Amino acid sequence: MSLGTWTLKRPAPPEVLRVPVYGDAPFYQEVKVLPGQAVSFGMKLAEPRGAMGVPVYCPANGTVNGIIKTRTVSGENVFAVEIQVDRKNAGAFLASGESSDWADISAERLRAQIKEKGVLLCGRQLRPLAGYLEKGTFHAKTLIINACESEPYVTAGEVLLLAHPLEIIKGVEILRRAAGLEKALIAVGANAEQAVEVLKSKIYFLKWNHIEVRAFPARYPQDDPAVLLPLVDPFFSDIEPRVLHDWPLPDIATVYAAYEAIVFGKPFFERAVTITGECVVQPQNVWLPFGIGTMDALKACKGVLREPGRMLAGGPMRGIAIQNMEQPVSAMTDALIALPKEWTAESAEADCIRCGECAEVCPVDLSPALIAAASKRQDWAGARELNAQQCLGCGNCAYVCPSHLPLVDLIQKGF
Amino acid sequence: MQPTIAFNQGAAPHLKNEISFVSMLARQLGALLILLLASFWMQGLAGLLLFAVVLVTAFAGEIILRFLGFSAVPKWDLALIHQTVLLALFVPALTSPALIAASTFAMTFFYRASGGRGAYVLQPVCLALAFLSVLGVTPAYALQGMTMIPSAILFALWAALRFPRTRVEAERFICVLILAVLLTLLHGMPMGPAFLWAAAAGEILFDYALAPLSSAARMGYRVFVLILFALFLAAARAEEALLFTGLTAGFIGAWIEKRNLNGRVYGKA
Ligand code: SF4
Ligand code: SF4
């Protein structure tokens, strides 16, 4: 699979955008626009309420159709502002010259600006980046950046790294300062050798020795903090996998968004997304505005060659099957994948043959076969006894199971 | 073209795996056939009789497991055939049918009760024995030349490579160490270090040289180990050691499984 070019394109403006208002509106955000109101590019659609809120910005000129309740492709139930886009004059962000005075700004002001621009900590759960930088848990005064690619097929982070290494390093430095930490560590998958080399050379050039780049074994799910953090520091080995699993770590999309917010004052309204899969005509990484539907996003890659067997948001191991092509892309979406039918898992379930393969591939040493059996018997106490609650949901067990048992489903029922 | 997406259902993982139930079973049965032919070739009808004993005791073990409520599988299924294949791995040296029945029963019990994970512990033991069998027909004598020093170096290397990884690895390491001590007590000095040497070599080979290979290559490797086992059966001269080792490892494997292999146990000893 190609990484596409390092210059990320943007799709043509879609007819309609359904911009998610994150969190559980109206508790965290207050929508500020009304149906029928004309909105312009970069305008605030919603204002934050309390520490958990961030402003939401408009990605295009147009008119508000209404406030709807929807589900994003990545599975979040949100309110969204539906905008009829003025396709002839959709607007675009024009970065004026780079401002370098961030080096003199205090940590509080950096965080305030990051919050003002609506930057979210992208990952498993979205949360305001500024809040994380202020109150996050940091070990050994080090900011850890998770630059490991999340899944097979997904290359958005790596391509962003290769296309903008200097910007990423500066973004890391901005986050480090905003969090008031001494050091930063960029954890990269060992398979991204080129990215590691480029980052190291840029750090050498900038003489920022407090930023370290380290390559970690590229073995799925390397991006999961429960797998990554114990490799970063043995301190984490004694913490339960499930706790580490939800440990917030900024990824490359977050770092780049923070860089743009501080240096160019750019609001957070788009992110780099991998659009790929054997059915896509031109697989590549593109910038997608939040709220764009899958069908419109696919047009950036010239559509599909043939009907996919499954259309996914996220990677093939943990991604979510998209139910409807109008569901909006969110800040959580790192990939849209059109898998052909012949590569799609079918549920032709057989009996467990005790091969032990599932236990062998489990990154947290569970016995998936036993937990699944307990779950089938509805023996929830038994499943908990077997530590079902530590499951990371990585899907390794179900992927290797020769009997095609829906192990992840069964295990997750068990806790 | 734009997709119509009238299709989209299904839980993660979405990617089809290449291992099928039938192919897995066929590969294992193929391996079993080699073993069966080897015993027939060496033992004639007695070899086949022993195989029948294995089969019957496997069923008996299964029935008792179900009776005690330990069996994870709610109905009779192909798992049993598969399990028999795996048990064939542990058929000790061809001595008396009574001993085989006893050991097979023990294996059935522990292996089934441990949800497959017992094999993970047994694997280095089987590997060690297979290596010993290749290195010399009778391990205790042929390995005289292997003194403590290379054994100690290799074992230390293995320990250094593996010990910190997880609690599971640590316990497995201890399990092999206990076996080595017991083997030394039973069979004299060269046996323990030789066992450690072989276990370390097998482990290093499996984890560091073969692990990155495709599943087919790894399966090929397992078949190779089975062939070694068949050769070992042909030698049939370290019976007690093999039987004892198999039983102890099965027991320790099941015990570890029950105690700790259900996920890393954090903060609870
Ligand atoms: S999904 Fe399966 S392999 Fe992954 S952590 Fe859970 S039990 Fe282990
Ligand atoms: S991989 Fe599937 S068949 Fe094999 S032990 Fe696990 S659940 Fe059973």
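The written sequence of each chain sets the order in which its residues are numbered from 1. Naming scheme: in the order in which they are written, chains are lettered from A and ligands are numbered from 1. Whole-chain, interface and lining totals are the exception, using all residues; otherwise, since this is a predicted model, local features are given only for residues with pLDDT of at least 70 and side-chain atom pairs are given and counted only at 80 or more. As a rule here, side-chain values cover all heavy atoms of the structure and leave hydrogens and water aside.

### Some points on the confidence of the model for chain B
Residues and elements named next belong to chain B. Summarising the model, chain B shows a mean pLDDT of 51, and 3% of its residues fall at 70 or more. Taken element by element, chain B is modelled with least confidence in helix α6 (residues 139–142), mean pLDDT 36, and with most confidence in helix α2 (residues 45–68), mean pLDDT 62. Confidence scores here are pLDDT values: one per residue, from the predictor, ranging 0 to 100. In this analysis, two residues are considered to be in contact whenever any of their non-hydrogen atoms come within 4.5 Å of each other. Predicted confidence for residues 82–152 stays below pLDDT 50, and this span has 176 contacts to residues more than four positions away or in other chains. Counting contacts from residues 162–168, a segment whose pLDDT is below 50, to residues more than four positions away or on other chains yields 22 contacts. What counts as a helix is a DSSP run of H or I of at least four residues, what counts as a strand is a run of E of at least two, and both are numbered from the N terminus.

### Remarks on unusual backbone geometry
With the exception of glycine, the majority of residues adopt a negative phi angle, and the majority of peptide bonds are in the trans configuration. All names here are of chain A. The linkage connecting Tyr220 with the following residue, Pro221, adopts the cis geometry, with an omega of -5°. Among the secondary structure elements, Pro221 is positioned in the loop between β12 (211–216) and α6 (225–232). Although it is not a glycine, Tyr153 sits at a positive phi angle of roughly 80°. Among the secondary structure elements, Tyr153 is positioned in the loop between β10 (142–146) and α3 (156–163). Of note, the phi angle at Gln378 is positive, near 60°, even though the residue is not glycine.

### Comments concerning the sheet that holds strand β15 (residues 310–313) of chain A
All names here are of chain A. Strands pair, by our definition, only if DSSP identifies at least two bridges between them. Spatial ordering of the open sheet is given by β14-β13-β17-β15-β16, a layout of five strands whose pairing is mixed. Strands at the two margins of the open sheet, each flanked by one partner only, are β14 (284–289) and β16 (320–321). Looking at chain direction, strand β13 (residues 270–276) and β14 are connected through six bridges and run antiparallel. The partner of Arg271 across the bridge, within β14, is Leu288. For helices, the fitted line uses only the C-alpha atoms of the stretch in contact; every axis is such a line through C-alpha atoms, and the angle between N-to-C directions lies from 0 to 180 degrees. Packed onto the sheet, α3 meets β13 and β14 and runs at close to 120° relative to β13.

### Examining the confidence of the model for chain A
Averaged over chain A, the pLDDT score is 88; the fraction of residues at 70 or greater is 94%. In this model, residues 1–5 of chain A is a region of pLDDT below 50 whose contacts with residues beyond four sequence positions or in other chains number ten contacts.

### Observations regarding the packing of aromatic side chains
Residues and elements named next belong to chain A. The aromatic pairing rule takes the rings of Phe, Tyr and Trp, using the six-membered ring of Trp, and pairs them if the centres are within 6.5 Å, calling planes under 30 degrees apart stacked, those over 60 edge-to-face and the rest tilted. Applying the stated criterion to the full structure yields nine aromatic pairs over all chains. Relative to Phe264, the ring of Tyr259 has its centre 5.9 Å away and its plane inclined at 85°; by these criteria the two rings are edge-to-face. Ring pairs connect the aromatic residues Tyr256, Tyr259, Phe264 and Trp287, which therefore count as one cluster. Against the face of Trp287 rests Lys266, its NZ or CZ located 5.3 Å from the ring centre. Charges are assigned to positions over rings by a cutoff of 6 Å between ring centre and Lys NZ or Arg CZ, combined with an angular limit of 35 degrees from the ring normal.

### Details of the nonpolar core
Residue and element names in this part refer to chain A. For the purposes of this section, nonpolar cores are sets of buried Ala, Val, Leu, Ile, Met, Phe, Trp, Tyr and Cys residues that join through side-chain atoms within 4.5 Å. Using a 1.4 Å probe on the protein chains alone, a residue whose accessible area is under 20% of its type maximum counts as buried, one over 50% counts as exposed, and one in between counts as partly exposed. Judged by nonpolar contacts, the single largest core of 59 residues is most densely connected at Ile114, Leu129, Leu175 and Ile186. When residues of this core are assigned to their parent elements, the largest contribution, ten residues, is made by helix α8 (residues 252–263). As used throughout, domain bounds are those supplied by an automatic or database domain assignment. Viewed by domain, this core spans two of them, domain 1 (16–93 + 267–341) and domain 2 (101–263), each represented by three or more residues. Every residue in contact with Leu129, bar those within four places of it in the chain, is listed here: Ile114, Val119, Leu120, Leu121, Leu175, Thr254 and Ala258. Judged by nonpolar contacts, the second largest core, of 38 residues, contains Val227, Leu370, Leu392 and Leu405.

### A word on the site of ligand 1
What surrounds ligand 1 is a group of 13 residues, the closest being Cys362, Cys391, Cys394, Gly395 and Cys397 of chain A. The classification used treats Ala, Val, Leu, Ile, Met, Phe, Trp, Tyr, Cys and Pro as nonpolar, Asp, Glu, Lys and Arg as charged, and all other residues, Gly among them, as polar. Looking at the shell around ligand 1 residue by residue, the class counts come to ten nonpolar, three polar and no charged. The rule for a residue being near a molecule or strand is that one of its heavy atoms must lie within 4 Å of it.

### Notes on the environment of Pro13 of chain B
Looking at where Pro13 of chain B falls in the secondary structure, it is placed in the segment before α1 (21–43). Among the residues examined, Pro13 of chain B registers a relative accessible area of 8% and is labelled buried. Considered as a pair, Pro13 of chain B and Leu45 of chain B are 32 residues apart in the sequence and their alpha carbons are 48 Å apart. Sequence-distant contacts of Pro13 of chain B, that is, excluding residues within four places in its chain, are made with Pro316, Met317, Ala345, Gly395, Ala398, Tyr399 and Val408 of chain A.

### With respect to helix α4 (residues 165–179) of chain A
Residues and elements named next belong to chain A. Multiplying 1.5 Å by the residue count of a helix minus one yields the expected span of that helix. Under the 1.5 Å per step criterion, the end-to-end length of α4 is 21 Å for 15 residues, consistent within 8% with the ideal 21 Å. Burial runs high along α4: twelve of the 15 residues are buried. Among the residues of α4, those classed as buried are Pro165, Ile168, Ile169, Lys170, Gly171, Val172, Glu173, Ile174, Leu175, Arg176, Ala178 and Ala179. With its phi angle positive at about 65°, Gly180 sits one or two positions after the end of α4.

### Notes on the pairing of β15 of chain A
Residue and element names in this part refer to chain A. Here β15 shows two buried faces, one formed by Arg310 and Leu312 and the other by Met311 and Ala313. Direction of pairing for β15 relative to strand β17 (residues 335–339): antiparallel, over a ladder of four bridges. Bridge pairing links Leu312 to Ile337 in β17. Across two bridges, β15 lies against β16 in antiparallel orientation. Looking at β16, one finds that Ala313 is bridged to Ile320. Remark: six residues form the turn of the hairpin made by β15 and β16, two consecutive strands paired antiparallel; Gly314 in that turn has positive phi of roughly 95°.

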